[in-house]
Every structure is written in structure tokens, then in C-alpha cells.
Amino acid sequence: MAQRIPPELENKLTRFQSLQAQYARIAQERVAVESEIAETQKVLKLLEEAGEDAPVYRMEANILVRVDRGKVVQELKDRLEILELRLQKLKKQEDEIKKQLDKLAQEIKQLQTRLTLGKQGGAGG
């Protein structure tokens, strides 16, 4: 005879899997943002090392176009600020989901224990 998972446990397991998938997506996005932050910082450092009078070019429609260095530096700093704020938000989301996963895992474990003990107690009678 096949055992049926109680609806309460099934709901918790479904929620757990959903949270795991959400956690994985956020972690993946966090890694991408961290990578973009590192790349932006690298470009800013290169611009700083190149000096104030060094020409700066940007790729536009498959050609290099000379651009104002100050404007590019400011755009990169603004982008960096936005990325760092996004990273903070993602880390908070990750932490919150991790707490929810830990709590739900504990609830699932307790429910499984309760169901196992209930079956053992009921079989003796």
C-alpha cells in the first residue's frame, strides 16, 4: 500500500522547494552584480592610471568614439553606486530567504518526526 504524504507536509515541502529556487536565482544575480562591480572598479582604476589628458573612447555601434573623460568617469561612479545598492538589497533578500528556509526545514523535520511517531504508536494498538 502506497503511503500518502499529508497535505500539511506536502505544502511545506512545496514551499521549501520554491524558496530554494528563489534563493538560487538571487544568489546567481548577486554573483553577476559582484562581477559587474569588479569590472567597473577595474575600468575606473585604468582611467585613473591613464591620467587626465589621456583620450577615452567608447564603443558605439561597432566603432570607437572619443568621449569626455570626466563624463565617463562620472557615469561609471554613478553605475557603481547603483550596483552597490543593488548588491546590498540582494544580500538582504538572500539572508531573509535563508532564515525562511532554515525555519521551514525545522518545521518539516518536526512534522516528519511527529508523523513517524504517530505511525509507530498507531501500529502497536
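Residues numbered from 1 in each chain as written. Predicted model: local features only at pLDDT ≥ 70, side-chain atom pairs only at ≥ 80, totals over all residues. Heavy atoms only, no water.

Draft legend 1. Unusual backbone geometry, seen in detail. Positive phi, close to 50 degrees, is recorded for Ala61, a residue that is not glycine. Its location among the elements puts Ala61 in the loop between strand 1 (56-60) and strand 2 (63-67). The class for Ala61 is exposed, based on a relative accessible area of 75%. A positive phi is found at Asn62, a non-glycine position, where the angle reads about 70 degrees. Mapped onto the elements of the fold, Asn62 is located in the loop between strand 1 and strand 2. (Helix = DSSP H or I, 4+ residues; strand = E, 2+ residues; numbered from the N terminus. Buried < 20%, exposed > 50% of the residue type's maximum accessible area, 1.4 Å probe, protein only.)

Draft legend 2. The pairing of strand 1, seen in detail. In this sheet, strand 2 lies alongside strand 1 in antiparallel orientation, the contact comprising 5 bridges. Looking across to strand 2, one finds that Glu60 is bridged to Ile63. Hairpin connection, strand 1 to strand 2: the antiparallel pair is bridged by 2 residues, and Ala61 has positive phi, about 50 degrees. (Pairing = 2+ DSSP bridges.)

Draft legend 3. Representation of the UniProt feature "coiled-coil region" (unreviewed entry) in the protein. Residues annotated in UniProt with the feature "coiled-coil region" (unreviewed entry) correspond here to residues 9-114. Note that residues 9-114 is 83% helix and 9% strand, and that its end C-alpha atoms are spaced 11 Å apart. (UniProt positions renumbered as here; feature names shortened; annotations may be inferred.)

Draft legend 4. The arrangement of helix 1 (residues 7-50) in detail. For helix 1, built from 44 residues, the straight-helix expectation of 64 Å at 1.5 Å per residue is met to within 8% by its first-to-last C-alpha distance of 64 Å. Within the sequence span of helix 1, burial applies to Leu9, Lys12, Phe16, Leu19, Ile26, Ala27, Arg30, Val33, Ile37, Thr40, Leu44 and Leu47. Looking one or two residues beyond helix 1, the residue adopting positive phi is Gly51, at roughly 95 degrees. (Expected span 1.5 Å × (residues − 1).)

Draft legend 5. Broad picture of the nonpolar core. Val33, Ile37 and Leu47 are the most contacted members of the largest nonpolar core, which totals 21 residues. Sorting the residues of this core by element identifies helix 1 and helix 2 (69-123) as the ones contributing at least two each. The biggest single contributor to this core is helix 2, with 12 residues. Apart from the residues lying within four places of it in its own chain, the contact partners of Val33 are Leu83, Arg86, Leu87 and Leu90. (Core = buried A, V, L, I, M, F, W, Y, C linked by side-chain atoms within 4.5 Å. Contact = heavy atoms within 4.5 Å.)

Draft legend 6. Spotlight on a nonpolar patch on the surface. A grouping of Tyr57, Met59 and Leu64 is seen on the molecular surface, where their side chains present a nonpolar patch of about 360 Å² in accessible area. For Tyr57, a relative accessible area of 46% gives the class partly exposed. (Patch = residues over 30% accessible without salt bridge, like charges linked within 9 Å, V, L, I, M, F, W, Y side chains within 5 Å. Areas by Shrake-Rupley, 256 points an atom, 1.4 Å probe, with all protein chains shown as cover. Salt bridge = Lys/Arg side-chain N within 4 Å of Asp/Glu carboxyl O.)

Draft legend 7. Quick look at the environment of Lys89. Its location among the elements puts Lys89 in helix 2. When the C-alpha positions of Lys89 and Arg30 are compared, they lie 9.3 Å apart, and in sequence the two are 59 residues distant.

Draft legend 8. Seen up close, the pattern of salt bridges. Per the stated rule, a full pass over the model turns up 12 salt bridges. Where Arg4 meets Glu10, a salt bridge forms, and the shortest distance between an N and an O atom there is 3.3 Å. If you follow the salt bridges from partner to partner, you end up with Lys12, Lys103 and Glu107 in one network.

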